[in-house]
Each structure stands twice: as structure tokens, then as C-alpha cells.
Amino acid sequence: MISVHMTPVPRSTVVTYRDDGPLSRGMGMLVAGQLPPLPPVIAGTFVTGVLLLMGVAGSEGLAIFAPAVTLLLAGPGSSHPHDGRFDWLVPPILRMIEYAFIAACGFAHDVNPVLIFLLLGALAFHHYDLVYRLRQHVYPPPWLSTFGLGWDGRMLVVGLAVLADLPTFGFALLTLYLWGLFGWESLTCWLASPRTGVETAETGTQD
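Going along each chain's sequence as written, the residues are numbered from 1 onward. Where totals are concerned, whole chains, interfaces and linings use all residues; where local detail is concerned, this predicted model gives features only for residues with pLDDT of at least 70, and gives and counts side-chain atom pairs only at 80 or more. To obtain the side-chain values, all non-hydrogen atoms of the structure were included, while hydrogens and water were left out.

**Details of the overall build of the protein chain**
Helix and strand assignments follow DSSP, with helices taken as H or I runs no shorter than four residues and strands as E runs no shorter than two, numbered in order from the N terminus. Helices and strands together make up the secondary structure of the protein chain, namely 10 helices and zero strands. Exposure is judged per residue with a 1.4 Å probe applied to protein chains only, and the accessible area is read against the type maximum: over 50% gives exposed, under 20% gives buried, and values in between give partly exposed. Going through the 207 residues of the protein chain one by one, you find that 46% of them count as buried. Note on definitions: a residue-residue contact is assigned when non-hydrogen atoms from the two residues lie within 4.5 Å. Across the protein chain, the fraction of contacts at a sequence separation of at least 24, relative to all contacts at a separation of at least 6, is 86%. Each accessible area is a Shrake-Rupley estimate made with a 1.4 Å probe; only the visible protein chains count as cover when residues are assessed. Carbon and sulfur atoms make up 71% of the accessible area of the protein chain, which totals about 10600 Å².

**Some details on the pattern of salt bridges**
By salt bridge we mean one thing: a side-chain nitrogen of Lys or Arg within 4 Å of a carboxyl oxygen of Asp or Glu. Under the counting rule described, the total for this entry stands at six salt bridges. The shortest N-O distance in the salt bridge between Arg-133 and Asp-129 comes to 2.6 Å. Residue Arg-133 and its partner Asp-129 are both found in helix α6 (residues 113-135); the two are separated by four residues, about one turn of the helix. You'll find Arg-133 and Asp-129 in the same group, each marked buried. A cluster of three or more residues bridged by salt bridges with shared partners is formed by Asp-19, Arg-95, Glu-98 and Arg-154.

**As for the side chain of Arg-18**
Position of Arg-18 relative to the elements: it lies in helix α1 (residues 13-18). Here Arg-18 falls in the buried class, since its relative accessible area comes to 0%. In this structure the side chain of Arg-18 is engaged in a polar contact, spanning 3.1 Å, whose partner is the backbone oxygen of Ala-74. Look past the residues within four positions of Arg-18 in its chain and what remains in contact with it is Ser-24, Pro-37, Ala-74, Gly-75, Gly-77, Ser-78, His-82, Val-90, Pro-91, Leu-94, Arg-95 and Trp-151. Polar contact is the term for a pair of N or O atoms within 3.5 Å; when the atoms are in protein, one must be able to donate a hydrogen and the other to accept it, and sequence-neighboring residues count only if both atoms are side-chain atoms.

**Considering the packing of aromatic side chains**
Ring pairs shown here join Phe, Tyr and Trp side chains whose ring centres sit within 6.5 Å, with only the six-membered ring taken for Trp; geometry is labelled stacked below 30 degrees between planes, edge-to-face above 60, and tilted in between. Following the criterion strictly, the structure yields five aromatic pairs and no others. Each ring, one from Tyr-128 and one from Tyr-132, has its centre 6.4 Å from the other, and the planes form 15 degrees; the classification is stacked. Placement of the pair is Tyr-128 and Tyr-132 together in helix α6, with a separation of four residues, close to one helical turn. On the basis of relative accessible area, Tyr-132 is assigned to the partly exposed category, the value being 31%.

Given below as C-alpha cells:
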């Protein structure tokens, strides 16, 4: 019989939507929530966009710069409660950066398009599942963001695979790992979630 320990409700669902990895959360602990999250993320978006437009994804020596810069800028804001009027913009901006970087690296290094879309599909599945379960008050376990690497860890893995001149291998390995992890965790979680609790959450949402 499958059993799942339900995770306590986080202080802010916006923080959960960020999908931070261990590196980003560690940087957030250094500033103890004192750094507003939105301005650094916007700055990271600008710098990442400039690097990609300059051909970073096609350069063997510079591919790691985009995720590193984004991590340095956006990571410290992970501990902020994200209670500002426009802080809800942070998660979709991080999604855009992550997806764009992965796609740019993949296509620039002749990775099979099917493999690129499979990797992006694993991320899209995870993020959709995250949004839906939070709507039903079924919160993900804390270890999922750690083993899922977070947006920061996944970008660094792709960047390192490019630097090692093993983009196809890196994409394939990451794709298999993420589909296995996210698919298994989502399936076991939903099978173990009490049906009455979901129905109650849906009723409360409608009210």
C-alpha cells in the first residue's frame, strides 16, 4: 500500500512555484529574506537574454555563464516571502529563462529535437503538476525540489553537458532522470492522497 506523508502548508505558494534547487535555496539563506525577489530576476532575465543573443549557447566556453549569472542574481531572493504586489511574476520569469536556455543549448548543439522536447515536456509536466496539486492543497514533499535539482541545478547540468561536449548524452540522461522522478512521485502522491480531502479542497475553492 502506498503511503505519503503530507507536507505542511508553506508560507507562500509563490515561493513553492519558484521550484528552487539546493543552490538557490542556500543562497537565499545567506540574505535571510531581506532581498526583494523581482528586481534581481528581471536583471537575470536581461543578462541571460543578452548572453543567448550573443551566441552563448553556441560557444563551448561560455555556455555555463547564463545559468551561473541567473543563479547569482535570482538565487538570493528565494528566501523572501514573495508578498509584494508583483512578486507573482517571479516563477513564470524563471520558467521562461530555464526553458529558453535549454532549448537554445539543445538546438545550437544539434541535439535531436525530439530529445529537446522530451526534456522540456518533463519540466512542463512537473510544473503543471505542481500548480494543480497546490490548488488542491496537496503540497509536494520538501525532497522533491532537491532531487529535482530545481531550475538552477537543471540549467547548470545542461551547461556542464555542453562544456563537456556531451550535449546529447546530458540531455538524454537528464530527460530519463526527470521523467522517472517526476512521474513516479506524482503518481504515488495522487494515488495516496485521500479522495475526500481533494473533494473538500475543490468545494472550498468553489466557495
